[in-house]
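Examination of the molecular architecture
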Amino acid sequence: MRILVTGGAGYIGSHAVRALTQAGHEPVVLDNLVYGHAEIVEQVLKVPLASGQLGDRPMLDALLRGQHPCLQGTNMEAKPIEAVIHFAAYAYVGESVSDPAKYYRNNLGDTLTLLEVMLAMAKEQEKFPIPIVFSSTCATYGPPKQIPMTEDHEQNPINPYGQSKLMVEKLLIDFASAYQLPSVIFRYFNAAGADPSADIGEDHDPETHLIPRVLDAMSGREPYLQIFGDDYPTPDGTCIRDYIHVSDLADAHVLGLERIWRLQEKEEIISKPLIYNLGNGTGYSVQQVIETAKKVTGRGLLAHVAKRRDGDPAQLVASSIKAHQELGWRPRYPDLETILAHAWAWHQKRHS
Ligand code: UFG
């Protein structure tokens, strides 16, 4: 299948492109390259790349028709796109608080444009709209009421980033019901690790995530690690998260699309999004991540306890039973040591 991957030059998007290619699909990436890496798409993943803003209607139209210049001379030229996987979004929680307009414009406004172009195309072709898989987040839940969190947990996001993702979820619910736009919504917990080949991985600038920061401190790229709070109501006082391997997240996207296609083959009307949490169901504290990283890398680090970071809940752990049951999704790399070993291999290669 020909699949448009928005944000495919980013961390999770690039791993999804790899999973799609390995499953025999043909991805094309759209990315504004503000945080994404063009060379990963062009030289490592070797798939077509359209550089541009998601809200650019004529460009989206050309891409969905297979008429974008980046598709010239490829197998995808002049053939319509058959599904969209939508990662493109800004994802810095702190920045979303100081500059919410940026988040609502990009994450919400531009997504609405994408959906409108998809609907217009379907109308013109007198077909049902093509399916979309949307990257949502556990940040849409807000403070946890119970652990592990299931998909029906109440959603009260506490920052504009989570709010912008929740608003897109609402759009997808309404668009499925009104226009039969089929969708899958994945709520990721903490994406971590890197492809086992170590040729793609996490590379954010600025980097805010725990695991790359731990590795930065261990490799000497940073002088020390700050632990944001050690007085949480958890066994060792540091925050607990559910770390899920990015390649496992990527696999779920292929399975989500396959489920939609199976339902469509059976001519089932998909009047609501299929919604799944993606996590391992096991929580690790910041302290446990550090200890495991020491074991995996054989390195030490300097860690200072700093004050709590605003908006960090003490504990976030997913129940992903629904994805196991309905999609047959089984994480291949559930243990933290493997996740850290893959992250470390990539980190050493990227920063050597
Ligand atoms: N942490 C530190 N020091 C650091 C970085 C992080 O102690 O240098 C701690 C955080 O306080 C938190 C844990 O490590 O307790 C994990 O932090 P990350 O920044 O790696 O991940 P988050 O849990 O904050 O973020 C993830 C996703 C976001 C999403 C959020 C929802 O990456 O996209 O969950 O809470 F919004």
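Counting starts from 1 at the beginning of each chain's written sequence and moves along it residue by residue. Only residues with pLDDT of at least 70 are given local features in this predicted model, and only at 80 or more are side-chain atom pairs given and counted; all residues enter the totals for whole chains, interfaces and linings. Computation of side-chain values: all heavy atoms of the structure, hydrogens and water removed.

1. Some details on the packing of helix H3 (residues 57–64) against helix H5 (residues 100–125)
A fitted line through C-alpha atoms serves as each axis, taken over the contacting stretch for helices, and the angle formed by two N-to-C directions is quoted from 0 to 180°. Numbering of helices and strands runs from the N terminus, with a helix taken as a DSSP run of H or I at least four residues long and a strand as a DSSP run of E at least two residues long. Two elements in contact, H3 and H5, have axes whose closest approach is 10 Å; the angle formed by their N-to-C orientations is 50°. Looking at the two axes, H3 sits oblique to H5. In the crossing of H3 with H5, the sense of the turn from one axis to the other is right-handed. Facing H3, whose interface residues are Arg57, Leu60, Asp61 and Leu64, H5 presents Thr113, Leu114, Glu116, Val117, Met118 and Met121. Each angle receives one of four descriptions, namely roughly parallel if under 35 degrees, roughly antiparallel if over 145, roughly perpendicular if within 65 to 115, and oblique otherwise. A clockwise turn of the near helix away from the far one marks a right-handed crossing, whereas an anticlockwise turn of less than a right angle marks a left-handed crossing. Working rule for contacts: check all heavy atoms of both residues, and any pair within 4.5 Å makes them a contact.

2. Structural notes on the pattern of salt bridges
We count a salt bridge whenever a side-chain nitrogen from Lys or Arg sits within 4 Å of a carboxyl oxygen from Asp or Glu. Scanning all chains against the criterion turns up 21 salt bridges. A salt bridge links glutamate 116 to arginine 57, with the shortest nitrogen-to-oxygen separation between them at 2.8 Å. With glutamate 116 in helix H5 and arginine 57 in helix H3, this residue pair connects regions lying 59 residues apart in the sequence. The salt bridge involving arginine 309 is made with aspartate 312; its shortest N-O contact spans 3.1 Å. Burial status follows relative accessibility: with a 1.4 Å probe on protein chains alone, a residue under 20% of its type maximum counts as buried, one over 50% as exposed, and anything between as partly exposed. Note on arginine 309: relative accessible area 39%, which makes it partly exposed.

3. Topic: the sheet that holds strand E11 (residues 274–278)
An order of E3-E2-E1-E4-E5-E6-E11 is seen for the seven strands of this open sheet, with the pairing classed as parallel. Each edge of the open sheet is held by one strand with a lone partner, namely strand E3 (49–51) and E11. Across the sheet, the mean angle separating the axes of adjacent strands is 20° when strand polarity is ignored. Two strands qualify as a pair provided that DSSP identifies no fewer than 2 bridges between them. Where strand E4 (residues 83–86) and strand E5 (residues 132–137) come together, three bridges link them in parallel fashion. Bridge pairing in E5 places isoleucine 85 opposite valine 133. Against the sheet, helix H6 (residues 160–179) contacts E5 and strand E6 (183–188), and its axis sits at roughly 150° relative to E5. Against the sheet, helix H8 (residues 246–265) makes contact with strand E1 (2–6), E4, E5, E6 and E11, and its axis sits at roughly 155° relative to E6, the strand it touches most.

4. Focus: the site of the ligand
A single heavy atom is enough: if one lies within 4 Å of a molecule or strand, its residue is considered near that molecule or strand. Taken together, 21 residues surround the ligand, and among them Leu210, Gln226, Arg241, Arg309 and Asp312 come closest. Nitrogen and oxygen atoms within 3.5 Å of one another constitute a polar contact, given that in protein one can donate a hydrogen and the other can accept it, and given that sequence-neighbouring residues count only through two side-chain atoms. One of the backbone N or O atoms of threonine 208 is found 3.5 Å from an oxygen atom in the ligand. Between an oxygen atom of the ligand and a side-chain N or O atom of arginine 213, the distance comes to 2.9 Å. In short, Shrake-Rupley with a 1.4 Å probe defines the accessible areas, and a residue's cover is counted only from the protein chains shown. Burial of the ligand by the surrounding chains reaches 91%, relative to a free accessible area of 690 Å². Of all elements in the fold, only helix H7 (210–219) and strand E8 (225–228) reach the threshold of two or more residues within the shell around the ligand. Take the shell around the ligand: its biggest share by element is four residues, from E8. Put simply, Ala, Val, Leu, Ile, Met, Phe, Trp, Tyr, Cys and Pro go in the nonpolar bin, Asp, Glu, Lys and Arg in the charged bin, and everything else, Gly too, in the polar bin. Across the shell around the ligand, the residue classes tally to twelve nonpolar, five polar and four charged.

5. Topic: the layout of surface pockets
Over the atoms rolls a probe the size of a water molecule, and in doing so it shows where empty space is left. Here a cavity denotes grid points, spaced 1 Å and computed from the protein atoms alone, that fit a 1.4 Å probe unable to get out, and a pocket denotes an open set having protein on both sides within 12 Å along at least 5 of 7 lines; residues with an atom within 4 Å of a point are the lining. Grid points are joined across faces, edges and corners, and a volume is the space filled by probe spheres set on the points. Empty space within the second largest pocket amounts to approximately 510 Å³. Lining the second largest pocket we find 23 residues, and of these Phe128, Pro129, Ile130, Pro131 and Gln264 sit closest to its centre. The set of elements that each furnish at least two residues to the lining of the second largest pocket consists of H5 and H8. In terms of residues, the lining of the second largest pocket owes the most to one element, H5, which gives four residues. Residues belonging to the lining of the second largest pocket are distributed by class as follows: 15 nonpolar, three polar and five charged.

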